[in-house]
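Now for the letters of each chain:
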Amino acid sequence: MSGDPGILWLEEVGAADVPRVGGKNASLGEMVRALSGAGVRVPPGFATTAAAWRALVAGSGIGGAMQARLDALRRGAASLAETGAAIRRLILDAGIPAALAEQIRAAYRMLAARQGVADPAVAVRSSATAEDLPDASFAGQQETFLNVVGEAALLDACRHCYASLFTDRAISYRDMQGFDHLKVALSIGVQAMVRADLGGSGIMFSIDTESGFPGVVVISAVWGLGEPIVQGSVDPDRYLVFKPPLGDPRRVPILEKALGGKARKMVHASGGTARTALVDTSRREREAFVLQDAEILQLARWAVAVERHYGRPMDLEWARDGETGALFIVQARPETVHGTRHAAVLRSWRLQAKGKPILRGAAVGEAIASGPVRVVRDAADIEGFPQGAVLVAEATDPDWVPLMKRAAGIVTDHGGATSHAAIVSRELGLPAVVGTQDATGLLRDGQVVTLSCAEGDAGQVYDGALPFAATDIDLDSLPKTRTAMMLNLASPAAAFRWWRLPAQGVGLARMEFIVGNLIKAHPMALLRFDQVRDREARRQIEALTRGFPDKASYFVDTLARGVARIAAPFHPRPVILRLSDFKSNEYAHLIGGAAFEPVEENPMLGLRGASRYYSDRYRDGFVLECRAIRKAREEIGLDNIIVMVPFCRTLREADQVLAIMAGHGLRRGEAGLQVYVMCEIPANVILAEEFAARFDGFSIGSNDLTQLVLGVDRDSAELAGLFDERDPAVKRMIADVIRRAQACGAKVGICGEAPSNHPDFAEFLVEQGIDSMSLNPDSFAATLRRVAEAEARLPQGRSGHPLPENEGQG
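Residues numbered from 1 in each chain as written. Predicted model: local features only at pLDDT ≥ 70, side-chain atom pairs only at ≥ 80, totals over all residues. Heavy atoms only, no water.

### Quick look at the nonpolar core
Okay, so step 1: If you look at the biggest cluster of nonpolar residues, it comprises 109 residues, and the most contacted ones within it are Leu255, Val645, Met661, Phe698 and Ile700.
Okay, so step 2: In terms of residues, this core owes the most to one element, helix 17 (residues 551-567), which gives 10 residues.
Okay, so step 3: If we skip the residues at most four places from it in the chain, isoleucine 700 touches Cys679, Leu705, Ile734, Val737, Ile738, Val748, Gly749, Ile750, Cys751, Gly752 and Ile770.
Okay, so step 4: In terms of nonpolar packing, the next biggest core, distinct from the first, is built from 43 residues, Ile104, Leu154, Cys158 and Ala163 among them. (Core = buried A, V, L, I, M, F, W, Y, C linked by side-chain atoms within 4.5 Å. Buried < 20%, exposed > 50% of the residue type's maximum accessible area, 1.4 Å probe, protein only. Helix = DSSP H or I, 4+ residues; strand = E, 2+ residues; numbered from the N terminus. Contact = heavy atoms within 4.5 Å.)

### Observations concerning helix 17
Okay, so step 1: With 17 residues, helix 17 should cover 24 Å at 1.5 Å per step; its first-to-last C-alpha distance of 25 Å lies within 8% of that length.
Okay, so step 2: Counting buried positions over the 17 residues of helix 17 gives 17, a clear majority of the element.
Okay, so step 3: Two to three positions downstream of the cap, the backbone nitrogen of alanine 552 sits 3.2 Å from a side-chain oxygen, assigning the N-cap of helix 17 to aspartate 550. (Expected span 1.5 Å × (residues − 1). Polar contact = N/O pair within 3.5 Å; in protein donor to acceptor, adjacent residues only side chain to side chain.)

### Overview of the packing of helix 17 against helix 20 (residues 619-635)
Each pair of packed helices can be summarised by the angle the axes make with each other and by the distance between the axes.
Okay, so step 1: As a packed pair, helix 17 and helix 20 sit with axes 8 Å apart at the nearest point and diverge in direction by 45°. Taken as axis vectors, helix 17 and helix 20 run oblique relative to one another. The handedness of the crossing between helix 17 and helix 20 is right-handed. Across the interface between the two elements, Ala552, Phe555, Val556, Asp557, Leu559, Ala560, Val563 and Ala564 from helix 17 touch Leu624, Glu625, Arg627, Ala628, Lys631 and Ala632 from helix 20.
Okay, so step 2: Of the residues contributing to the contact of helix 17 with helix 20, the split by class is 10 nonpolar, no polar and four charged. (Axes fitted to C-alpha atoms, helices over the stretch in contact; angles between N-to-C directions. Parallel < 35°, antiparallel > 145°, perpendicular 65-115°, else oblique. Left-handed = near helix turned anticlockwise from the far one by under 90°. Nonpolar A, V, L, I, M, F, W, Y, C, P; charged D, E, K, R; others polar.)

### Examining the sheet that holds strand 24 (residues 506-510)
By way of backbone hydrogen bonds, the strands of a sheet pair with one another, either parallel or antiparallel.
Okay, so step 1: Spatially, 23-24-25-26-27-28-29-30 is the arrangement adopted by the eight strands of the closed barrel, whose pairing is parallel. Strand-to-strand twist of the sheet, defined as the mean angle between neighbouring strand axes without regard to direction, takes the value 30°.
Okay, so step 2: Direction of pairing for strand 25 (residues 575-578) relative to strand 26 (residues 641-645): parallel, over a ladder of four bridges. Residue pairing for strand 26: leucine 577 is matched across the bridge by valine 643. (Pairing = 2+ DSSP bridges.)

### Structural notes on the pairing of strand 6 (residues 200-205)
Okay, so step 1: Here strand 6 lies mainly inside the structure; six of its six residues are buried.
Okay, so step 2: Burial of the side chains of strand 6 extends over both faces: Gly200, Gly202 and Met204 are buried on one face and Ser201, Ile203 and Phe205 on the other.
Okay, so step 3: Pairing between strand 6 and strand 7 (residues 216-223): six bridges, direction antiparallel. Paired with isoleucine 203 across the strands is serine 220, a residue of strand 7.
Okay, so step 4: Both strand 6 and strand 12 (residues 314-320) contribute to a ladder of six bridges, which runs antiparallel. Looking across to strand 12, one finds that serine 201 is bridged to alanine 319.

The values reported here are purely geometric and, on their own, carry no functional implication.
Following this line, the structure appears as structure tokens:
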């Protein structure tokens, strides 16, 4: 073995030992040596060396025959399946050299002594010298054997591990990555089994796998052993954790907790030759989260520690022992998609026509694709897969990588963001919609569909070929401005897509989108459920709130996490959250809402904004909004959230709303809380000084301000020609409030689309010295350039007043 021992214990190896024990085992050893002090637990074990593999090949004399088989494949004289099968048979027939076999048995006995168990169950995993590298994941290319008990079973598992270096998928993947097959060696890792079959397990990434946002940890979890997650045969729970507050014990920075179906779990088999078995989960298991909050946070802290040690984003596997409750890291490897990407170009995709989705699932990537469906149910359907077709399957298998390379996109029935389909799709740059539940039943061969992963976390499948476009933004070419350029956002699921834009925060986060699209139920229907008479509304509310301690908690938790998710990618830059601004007719359309809303002739000027928050009809609902904001700021840790009061007609209204907020933990000035007011009513301009005494800033809502200054219904097609934010009366109002509010020390921004729709209006705002403009993401880059040009034309000394340094561009 060229002087290298056949066996090394994990504590004897580290990151520099990839050539000796492969990427997987080197990483495990590195964590044992370097991160045990940080509390990171790794199951004990040992590894065979690459030298042992080379000794097997040389001693058995099979190297020449292996090369001949590979040459035949390269010439087209043999198929991939024939080549793989022949080489695996060569390795299995060669067997394990006697000296190495004895070393493996001796190490197993020593592990047994350490564990205090006669024949401990072990996990036997392959670790190739070309895997788990920063630019190639080799996900699932070699075999893993779980619940291996006894020396004979261990040696048999080792033989099959060696043979799995030449699975069809491994051969194909090495060809794709440009590795020489015979220069890649295999090490085998043998670790004490964590009794995850009695507990749970999963995968986590120290980066958002879709957008590349580095500020979160993404965790997937299932009951039992973790193989079904990678296989994509089980829909896991999903947790999203915001990294910056993890060091503060007062915070619980969980941005998302999504309950997965978890219909089955993998456990240790009893009887027969199979070591593991898939069994159905109980209803209680399906309806419960695998991880408690404290466990979610512990795993996230470990992910941060591992990432910090390696200096790059990481892909980790974890397990929880069902007997002891202890958590372990069982694998760690570099994240290979975003971890190596340093592009200065942000590509944004959008559909150019609307359609009704026929399937929904988890979005993988951010792209859009269309093509004819090809349903693949097993390996026999792989042959003849057409280039550019949409692959539809229950779940993908590592053997399918050659097929996936020919696909335009992928749709699966099962699986989540950490399934094999998702991992390989990201590496290949393909959009995928996973976990749709019934794609193979609903879609048919030849049917043309469009996959969209450009609408947030939820991927959509549309019937037909919808037109779409991609826009590239050269981030390095974007100029800096004195005016703070911010974003308008509504969807928590889409917020991470824009983290790379040089926005100086969010100028308008629309709470009502979260209420309407995520919560869906009227807050008063949740608080006064006994007054909801509609049977269907009651059924829907019961379904939405299942698993929460009470219906109010459902509203508070869902809103808090939705708001926090919008705020997270911009932290510590400011995120201005507008309190709910539905009108009564819009509130009535929420589930259970009709019983709690008046019928108004003109809802635009009716019970909306500030007047709603202190009214008997809604005050208790507003208290829930306050509780959610406080939770997002203080418990989750997004203290960059600024609260904004919309449609505040009078000073008395302002005082009433501020008093209610203060009574529920949102007192202006405490814990750094700032409160803004929308400037969308002439009274806000006329009494600018008085409003400035009560609020920290103004955000001009140009649509409402224009309709109220000009007396024009903004929704009237008959009067559309009169509705213009550039009317002299409107511009005078805007110039007036900028000057007078700033003189009182208040900031002034605008959150309408007028600056992006009208370049001359943007220039007018710059000339008036506005502090900030907030824009939709798709118009951000173009408007930023126009504002920079307008600022350059200003006489020296005339400019807006940027936000304080800690609230500016990060």
